[in-house]
Structure formats: C-alpha cells, structure tokens
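# What the coordinates show
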Amino acid sequence: MDDKQDQLLPIANVGRVMKQRLPPTARVSKEAKQRMQECATEFISFVTGEASSKCRTENRKTVNGDDVCWALSSLGFDDYADAIVRYLHKYREAEKANQKKPTGTDKVSKDEESSHTGSQAAQQQTDQIPEPTLEFRFL
C-alpha cells in the first residue's frame, strides 16, 4: 500500500455509506467507490485544516467539535454546520445525563462501568437523532 492509500478513508466504509443511501437493488462500481473515497477524504481534510488553523491562532493543540462546526460555517457549509451543531448538542446532553459519580472503595470499577454504560447510552440516544437530508445542486 502506498502513502496516498494510507491517507484515504477505508474504502469499505465509504462503500457502506454509499449503499445505505441507494436503493437496495443499486450496485456501486469500484471506480465510483474510489472517487467518493478521494472526495470524502479531501472534504474532511479541508474542514479539519480550517479547524486546525483556528486552533493554532488560539494557541490550542486539540481540535474539538465546536472547531469543526466553526470551520464548516466559515467555509460556507452552513447547512452542514447547523446539523452538526444540533447533533453535538444532543450528544453532549446524552453524555452529561449518563455520567455517574462513583462512591466508596469501588471507585475504579464504577468509573469503568459508568464510562462504558454512559457511552453506550449516549450512542443509543444519538442514533435516534434524524440524519440531515443532503441535497446536491448543480449551478
């Protein structure tokens, strides 16, 4: 595998996402998956680069969800930014609601249990968030 392939999203994941959005009888060619893989990777790199630049100017080393939302908005992807802001807010609420404070001598095991069950419950709640509808318009 060459360096370029190491930087791309896994093609199996890209293909799975594509198939979820197509009719059950539709087939996706290998070439179509590869092109979408390149485009999705480029888009993520583009947004991440903008978010990273913001963090550098603020002397921070960690890019967080708010930075990604800001980057999407600043790059003109306001519809995506709005949807991700709502998702991020609901995810954080779910995480907060599922945080349990450990007591007594079982601190380590309760921490592990709380973290595991909290993240599972947060994932279940975020699974219920409707996905934004994406529309592609050609000018």
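Residues numbered from 1 in each chain as written. Predicted model: local features only at pLDDT ≥ 70, side-chain atom pairs only at ≥ 80, totals over all residues. Heavy atoms only, no water.

Looking at an unreviewed UniProt entry, the protein carries the name Transcription factor CBF/NF-Y/archaeal histone domain-containing protein, with the source organism given as Salix brachista.

### Notes on the pattern of salt bridges
Filter applied, for reference: For salt bridges, the criterion is a side-chain nitrogen of Lys or Arg within 4 Å of an Asp or Glu carboxyl oxygen. To qualify as a helix, a DSSP run of H or I must reach at least 4 residues; to qualify as a strand, a run of E must reach at least 2; elements of each kind are numbered from the N terminus. For the exposure calls, accessible area comes from a 1.4 Å probe over protein chains only, and a residue counts as buried if that area is under 20% of its type's maximum, exposed if over 50%, partly exposed in between.
Scanning all chains against the criterion turns up six salt bridges. Here Arg-35 makes a salt bridge to Glu-38, at a shortest N to O gap of 3.1 Å. Here Arg-35 pairs with Glu-38, and both are found in helix α3 (residues 30-57), just three residues apart, close to one helical turn. You can call Arg-35 partly exposed: its relative accessible area is 39%. Two residues, Lys-54 and Asp-67, come together in a salt bridge whose shortest N-O distance is 3.3 Å. With Lys-54 in helix α3 and Asp-67 in helix α4 (residues 65-74), this pair connects stretches of sequence that are 13 residues apart. Among the residues examined, Lys-54 registers a relative accessible area of 17% and is labelled buried. Given the relative accessible area of 2%, Asp-67 is considered buried. When salt bridges with common partners are traced through the structure, they connect Lys-54, Glu-58, Arg-60 and Asp-67 into a single cluster.

### Digging into unusual backbone geometry
The phi dihedral of Asn-59 is positive, around 55 degrees, even though this residue is not glycine. Along the chain, the position of Asn-59 falls in the loop between α3 and α4. Classification of Asn-59 by relative accessible area gives exposed; the value is 71%.

### Notes on helix α2 (residues 11-20)
Note the threshold: Here the arc refers to the directions that run from the helix axis out to each C-beta atom.
Every buried residue of α2 is accounted for by Val-14, Gly-15 and Met-18. The buried residues of α2 occupy an angular sector of 95 degrees when projected down its axis, which confines them to one face.

### What to know about α3
Spelled out, the test is: Any helix carries an expected span of 1.5 Å times its number of residues minus one.
Here α3 contains 28 residues, and its C-alpha end-to-end distance of 41 Å stays within 8% of the 40 Å for a straight helix at 1.5 Å per residue. Within the sequence span of α3, burial applies to Gln-37, Thr-41, Val-47, Ala-51, Lys-54 and Cys-55. Once α3 finishes, Asn-59 follows within two positions and takes phi at roughly 55 degrees, a positive value.

### Some remarks on the nonpolar core
Counted only if it meets this: Definition of nonpolar core: a set of buried residues of the types Ala, Val, Leu, Ile, Met, Phe, Trp, Tyr and Cys, connected through side-chain atoms within 4.5 Å. Residues are treated as being in contact if the distance between any of their heavy atoms lies within 4.5 Å.
With five residues, the main nonpolar core is built from Val-47, Ala-51, Ala-71, Leu-72 and Ala-81. For this core, the elements supplying multiple residues, two or more each, are α3 and α4. Not counting chain neighbours up to four residues away, the residues in contact with Ala-51 comprise Val-63, Asp-67, Val-68 and Ala-71.

### Some thoughts on the packing of α3 against α4
Test applied: Axes here mean lines fitted to C-alpha atoms, for a helix over just the part in contact, with angles spanning 0 to 180 degrees between N-to-C directions. An angle counts as roughly parallel when it lies under 35 degrees, as roughly antiparallel when it exceeds 145, as roughly perpendicular when it falls between 65 and 115, and as oblique in every other case. Here is the rule for handedness: rotate from the far helix to the near one, and if that takes an anticlockwise turn smaller than a right angle the crossing is left-handed, while a clockwise turn gives right-handed.
Closest axis-to-axis distance for the α3/α4 pair is 8 Å, and the angle between their directions is 110 degrees. Judged by the inter-axis angle, α3 sits roughly perpendicular to α4. The handedness of the crossing between α3 and α4 comes out as right-handed. Touching Phe-43, Val-47, Glu-50, Ala-51, Lys-54 and Cys-55 of α3 are Asp-67, Val-68, Trp-70, Ala-71, Leu-72 and Ser-74, all from α4.

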